[in-house]
Amino acid sequence: MLYGLKFGKERSASWLVSMIVSFFQSILVIQPLKVIFLAIFFALVIKKVDEEDFIFKNLGDCKEPLTVRRDNSLYLPPAAADIEKMKRYKIMEQKAFALLKEILTYMGFMWMLLLVAYGEKDPNAFFLKRHIRDSFSQGTKDSMSPGDVFTWANTLLLKNLFGVYPGFITDGNSKLVGNARLRQLRVQKNSCQIAGYMQQFVPDCHAPYSWDLEDMGSYDPGWNHLVKENVSRSTFSPWTYQTETQLRAHPFWGKMVLYRGGGFVAEISPDSQNASRTLEYLFRNTWLDAYTRAIFVEFTVYNANVNLFCIVTLLLETTAVGAFQFYSELQSVRLYQSTGGLHIFVLAAEIIYLLFILYYMFLQAKLMKQQRCAYFRSMWNVLELSIILLSWSTLAIYINRTLLGNRDITYYQNHKDQFANFYETASADSLLQYMIAFLVLLSTFKLWHLLRLNAKINMLTAALQRAWSDVSGLLLVIVVMFVAYSISSNVIYGWKVSSYKTLTDALLTLISLQIGIFNYNEVLDNTPLLGGILFGSCILFMTFVVLNLLLSVILVAFHQEQIYHKPSDEEEIVDLMLKKICSLFGIPYENTNETPGPDLNKADESTINNSKKILNNSSIDVNVF
């Protein structure tokens, strides 16, 4: 303190930093180097070998090592059992280091893969999509008439599509990219046949939507009459059909059917008053009539706060019953990569991941060259090959997504007063996310192969292999029973209960039944007796008989494996690897599983007796400690 008052603040701080740096430099650098160099000096220079050669032998598990003094002229080679033991130990040591290298390499591979997977996702995407979906569907009826559709479009749609700030939707944070678009799909007139007795009461019939019956003509306003095909279509109107190529669109899966990407299109200008006049013109001229089967509202927004594009598709579809059902699909995609440090980190992870893939490709090519056709008989080899192929496919889709995104951005910048279609880019991004998800799934599943080093996991794997022949037959029975009950429930309840309206929905409902997720009231309220018999028998046969039988087969196989299980060499390799690691850190390690076999004990005893006999015949002093 006194010197600090004398030196002043700057000199005192410099002196303190110098002392701290010197202290830690001495502890972490200088002193360890001193110890290492002194150890090398004493080992190579100071230490001298005694003239008399001493041999210290520790034969196997013998607690009394032999110290043998012999003449320089006599040479005794080690016993054959000791040589084999040393060879085996050296091979196990090499395998242990190879195994440790495999584990550490795969941990790095998984780390890079997870960084790439989560670097492509943004948690803000979920909140952005939920906010936009709630804004355009709030208060929307489950079933709407054509008049309700006009009311919804003129009120809720326009209110949320044009907010307080020009060019932004109602939240004020999401910029409208290009114009919004209305697209209608229609069917032809007299597209179905009327029952003979009802023709005098119903003069016209409108079939449900299908690609064969879709109307692709060109009309005057109000659908008055069909325009001839040779008329030029250079100027498109809401009454002229446009193809998928002209609209740069693709087919769309709705709740009911698959819709074609073309249709009769009307763009909504970015001004609310002009948009309102456009809707008035369309509905005043009955743009929506009895032949309309689907109405698409399509637009794209960009939120700069979270750097995300959101491609919005609002669908109103009907099955020719006269009522429209509302459905929305939103897809978020990041087309502008972040310029912060996180982007550099993710980009480095992607490059390192590709280097890992090249490394694994080299290993698999080498293994395939050695094993040839036998390579494809191993499940783990096929899994490794699938991961490599899926990785390169994901890279190709990533490049395609980037090119499509640049194309759509360029189109928007050159045609800002038109509809900008980002649907193809969003589809490529969704496919990319699915590929990455399956890649993570398969790569994580490969951890099971590394867990084979654990004795219990190895036993469990062997038990499943032992039970596979019986389990495969039971799985086939389970699939047949699921399909049978799904078809029955779909036929009985598909026309009145939404959970069984399709065969897929019925199958998913019955799978949920096995894990306790089931709405009993919707079945028992309709047909109590029939529903009780159907689903009671399903629970009885599926849950209490077949699934319990499946578990019993697996348990029996596991019990047999416990009796006849043969430990693999890899368990000894793991013990050796753990022993090396513990000795490196100075941790005592006790191998409780090591039980020396009778052959090794006999070899050790014979080696000791032969050594004593040779030494006695050579008149050499033997000191047994």
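The shown structure was predicted, so the numbers you read here are calculated from the model rather than taken from an experiment.

Q: Pulling in residues and values, what's your account of helix α4 (residues 124-137)?
A: Under the 1.5 Å per step criterion, the end-to-end length of α4 is 20 Å for 14 residues, consistent within 8% with the ideal 20 Å. For α4, every residue scored as buried is listed here: Ala 125, Leu 128, Ile 132, Ser 135 and Phe 136. The arc enclosing the buried residues of α4, seen along the axis, measures out at 105°, which places them on a common side. Positive backbone phi, approximately 80°, marks Gly 139, located one or two places after α4.

Q: Can you tell me about the sheet that holds strand β7 (residues 263-268), naming the residues and giving the values?
A: Ordered by their spatial adjacency, 6 strands build an open sheet running β4-β7-β3-β8-β9-β10, and the pairing between neighbours is antiparallel. Because the sheet does not close on itself, it has two edges, and the strands there are β4 (241-242) and β10 (325-333). Sheet topology note: the strand β3 (residues 174-186)/β7 ladder contains 5 bridges and is antiparallel. Within β7, the position partnered with Gln 184 by the bridge is Phe 264. Along the sheet, α4 contacts β3, β8 (292-303), β9 (308-317) and β10; its crossing angle with β10, the most-contacted strand, is approximately 150°.

Q: Just give me the short version of the confidence of the model for the protein, but keep the residues and values in it.
A: On average, residues of the protein carry a pLDDT of 80, and 85% of them reach 70 or more. Contacts for the low-pLDDT stretch residues 50-71, under 50 throughout, to residues beyond four places or in other chains number 38 contacts. Here residues 594-625 scores under 50 on pLDDT; set against residues more than four positions off or in separate chains, the count is 32 contacts.

Q: Talk me through the packing of helix α9 (residues 379-414) against helix α10 (residues 423-445); I want residue IDs and the actual numbers.
A: Interaxial distance between α9 and α10 falls to 9 Å at its minimum, and their mutual angle equals 160°. The orientation of α9 relative to α10 falls into the category roughly antiparallel. The handedness of the crossing between α9 and α10 is left-handed.

Q: Account for the pattern of salt bridges, naming residues and giving values.
A: Within this structure, the stated rule accounts for 13 salt bridges. Here Arg 466 and Glu 561 are joined by a salt bridge, their closest N and O atoms 3.0 Å apart. With a gap of 95 residues between them, Arg 466 in helix α12 (residues 455-493) and Glu 561 in helix α15 (residues 528-564) connect regions that are remote in the sequence. We classify Arg 466 as partly exposed; its relative accessible area is 36%. In this structure Glu 561 comes out as buried when scored by relative accessible area, which is 7%. Among the charged side chains, a network of salt bridges with common partners joins Arg 248, Arg 407, Asp 408 and Glu 424.

How each quantity is defined
- Residues numbered from 1 in each chain as written.
- Predicted model: local features only at pLDDT ≥ 70, side-chain atom pairs only at ≥ 80, totals over all residues.
- Heavy atoms only, no water.
- Helix = DSSP H or I, 4+ residues; strand = E, 2+ residues; numbered from the N terminus.
- Expected span 1.5 Å × (residues − 1).
- Buried < 20%, exposed > 50% of the residue type's maximum accessible area, 1.4 Å probe, protein only.
- Arc of directions from axis to C-beta.
- Pairing = 2+ DSSP bridges.
- Contact = heavy atoms within 4.5 Å.
- Axes fitted to C-alpha atoms, helices over the stretch in contact; angles between N-to-C directions.
- pLDDT = per-residue confidence, 0-100.
- Parallel < 35°, antiparallel > 145°, perpendicular 65-115°, else oblique.
- Left-handed = near helix turned anticlockwise from the far one by under 90°.
- Salt bridge = Lys/Arg side-chain N within 4 Å of Asp/Glu carboxyl O.

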